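Fold and geometry: a report
These are the residues of each chain, in order.
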Amino acid sequence: MARRVAASLRRLGALLFSVVLTFLGLTCVTFAIGRFMPIDPVIAIVGDKASQETYDRVYRELGLHEPVIVQYGNYLARIAQGEFGNSVMTARPVLEDLVRVFPATIELAALALVIGVVFGIPAGVIAATNRGRWPDQVMRFLSLVGYSMPVFWLGLVGLLLFYAKLGWVEGPGRLDVMYDDIVAPVTGMLTIDALLAGEDEVFANALGHLVLPASILGFLSLAYVARMTRSFMLEQLEQEYILAALAKGLSPWRVVWVHALGNIWVQLVTVIALTFGSLLEGAVLTETVFAWPGLGLYMKNSLFAADLNAVLGGTLLIGAIYILLNMLSDLVYALVDPRARDQG
Amino acid sequence: MAMRAWLLDPAPASRRQARLGGWFRAWLAFRRNTLGMVGLAIVLLLLAVAAFAPLIADPASALTQTLENRLQPATWAHPFGTDELGRDILVRVMFGARITLTIVVLVSLIVVPIGLAIGLPAGYFGGWIDAALMRVTDIFLAFPRLVLALAFAAALGPGIENAVIAIALTAWPPYARLARAETMTRRRSEFIQAAELQGASHLRIISTQIVPLCMPSVIIRLTLDMAGIILTAAGLGFLGLGAQPPSPEWGAMVSTGREVLLDQWWVATIPGLAIFVTSLGFNLLGDGLRDVSSGRG
């Protein structure tokens, strides 16, 4: 028992170490990007008409005279305090901006993930149990279509078809103007806030805006989830316990959906975590198309305002979430899967 | 027929016959894979279009503005209509194929050598070299690709070269892992030991014995990756961080077509379709190749 605890602690330590290392790597990259930026950070503050004295003063204030390694250390210290600098575009601290825009992205990505999981897992199971037959072929083709789809283009076509031509969904943005400022922000996720406030009309409108971008992102994650589910299931269905269960007289339905599926959920958690990370990325393009005021649109607008603090802040945020999701899935793996748990 | 018999000879008389025979068998297996063949056809079509575009249409016409023709719907003269500056969309899509191909070729030329340079020594020497190199790889693997490419493109300035660098910097880690895994499975093979006993240097063993064995899986992986590279490049172009106007890059074309989407749908839709079909072609081809190589036809 004690040995087992020690082994678990060692594994946890190794995991934490690698997470910290990865995060340091990420900060190295964002720091390097900040340094390579062709825009002179001093001129960005003082303007190009400033005197040499002012220039030198600001140059020192920014710590640019220090060795690079010291500058990097200062950079890390600032990040640790949540200090990402001010955004040029909004003239507010970047962290404040990020906190404000992030819930919109979470709302979008969460619904997309739900769509992907709810349809993707059954699709993958059905494909695996019909290996080589038409449901499998259809699934395979559809997931390749998902992998090949430029998400921004699908968004535009979706808007053209379902909003402009058919009028089934609401247009770009999160809410019609007439519903603005009715519900007080609690979570920052409009659908949830509207429900909390009991504003059914606002909820319906917000959902109408949300459903198309979420479905489009959801389709892309569906492709990945279904494909991974299929390959995990194929692995299980070849095992002898499946044969034993069938021989015992259990219904094939039960064997597939309870026994085999029950054995792959740990792997599925990993896939779902990674999917969520890639959804945050996909949000940059989707939000641009749908004028969705989340992290992606914020980063895109910052890019064109040459607002480097904001861009790097957003990169760090998405990167950190990515890394944490990776760690979380490793952790779940280590905790629930006895094979992984008893090693090492 | 004699050719076929020679290729399928179970006892090839020369190394060349054996190698050609191996390829021919792979082709026979691949030919049965309908989706894979569709993918191959799409990729070949893309190559042909890119190669012959200047022969079919005048390169200047992809850029020349003829404002009296702007936003024309499809006609015989302009099968895909014209864009907001009166340029023929079909011609622009054809020249866009060259840009897309340039991007994927350049990215491949960067990521494969980097991936091999990191993965081969890691798998071959093992130990702390392996641990250190793989740690670096894992760090890069844990980065969000598009976001990082975006940040790079923003820092280096928009443009096709910078888009290539940005994509390549985030695309190499899977190749390093692949090369490492392939190397580790061969490392203890008898033919490697034989080469070592003959006094071959590590560099020689890696480059003459191991690299050729890694190449098939690297090529399959690359084919499957093409779609991702094309989509990332198009995404950067769409955001205005890739190829700059008036260059007929597909993502940038979708972006400009966006303004007239509701009235002149073809301007944004056609180049987007080109991105989709091209990515799908590479994905189908890669999927088919993978099936053949793993022996499940």
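Residues numbered from 1 in each chain as written. Chains lettered and ligands numbered in written order. Predicted model: local features only at pLDDT ≥ 70, side-chain atom pairs only at ≥ 80, totals over all residues.

**Digging into the overall build of chain B**
Secondary structure summary: chain B contains 12 helices and zero strands in total. When its helices and strands are written in sequence order, chain B yields α-α-α-α-α-α-α-α-α-α-α-α. Dimensions of chain B, computed from the C-alpha atoms along their principal axes, are close to 75 × 55 × 30 Å. When each of the 297 residues of chain B is scored for burial, the buried share is 44%. Of all intrachain contacts in chain B linking residues separated by at least 6 positions in sequence, the fraction that spans at least 24 positions is 68%. (Helix = DSSP H or I, 4+ residues; strand = E, 2+ residues; numbered from the N terminus. Buried ≥ 20, exposed ≤ 12 C-beta atoms within 10 Å, placed from the backbone. Contact = placed C-beta atoms within 7 Å.)

**With respect to the confidence of the model for chain B**
Residue and element names in this part refer to chain B. Of all residues in chain B, 98% have pLDDT values of 70 or greater, and the mean over the chain is 83. For chain B, per-element mean pLDDT is lowest for helix α6 (residues 145-156), which scores 76, and highest for helix α4 (residues 89-125), which scores 89. Interface confidence for the predicted complex, given as ipTM, is 0.83, next to a pTM of 0.85. (pLDDT = per-residue confidence, 0-100.)

**A closer look at the confidence of the model for chain A**
Residue-level pLDDT values for chain A average 82, and 94% of them are 70 or greater. Looking across chain A, the model is least confident in helix α14 (residues 338-342) of chain A, with a mean pLDDT of 57, and most confident in helix α5 (residues 94-129) of chain A, with 90.

**Remarks on the interface of chain B and chain A**
Each partner contributes residues to the interface: chain B has 38 residues there, and chain A has 39 residues. Residue assignment for the side of chain B that touches chain A shows that the elements contributing at least two residues are α5 (127-141), α6, α10 (202-239) and α12 (266-293) of chain B. It is α12 of chain B that provides the largest number of residues to the side of chain B that touches chain A, a total of 10 residues. Split into classes, the residues belonging to the side of chain B that touches chain A amount to 27 nonpolar, six polar and five charged. (Nonpolar A, V, L, I, M, F, W, Y, C, P; charged D, E, K, R; others polar.)

**Here's the deal with the packing of helix α10 (residues 240-247) of chain A against helix α11 (residues 252-290) of chain A**
Residue and element names in this part refer to chain A. One can describe the packing of α10 onto α11 by two numbers: an axis separation of 10 Å at closest approach and a directional angle of 140°. Looking at the two axes, α10 sits oblique to α11. α10 and α11 meet at a crossing whose hand is right-handed. Counted together, I242, A245 and L246 of α10 and P252, V255, H259 and A260 of α11 form the full contact between these two elements. Across the contact of α10 with α11, the residue classes tally to six nonpolar, one polar and no charged. (Axes fitted to C-alpha atoms, helices over the stretch in contact; angles between N-to-C directions. Parallel < 35°, antiparallel > 145°, perpendicular 65-115°, else oblique. Left-handed = near helix turned anticlockwise from the far one by under 90°.)

**Focus on the packing of helix α7 (residues 160-171) of chain B against α10 of chain B**
Residue and element names in this part refer to chain B. Where α7 meets α10, the closest approach of the two axes is 10 Å, and the angle between their N-to-C directions is 140°. In this view, α7 runs oblique relative to α10, as classed from their interaxial angle. In the crossing of α7 with α10, the sense of the turn from one axis to the other is right-handed. Counted together, A163, I167 and A171 of α7 and D225, I229, T232, A233 and L236 of α10 form the full contact between these two elements. For the contact of α7 with α10, the class distribution of residues is six nonpolar, one polar and one charged.

**Remarks on unusual backbone geometry**
A negative phi holds for most residues other than glycine; trans holds for most peptide bonds. Phi angles above zero are rare outside glycine, and A291 of chain A is one such case at about 50°. For A291 of chain A, the position within the fold is in the loop between α11 and α12 (295-304).

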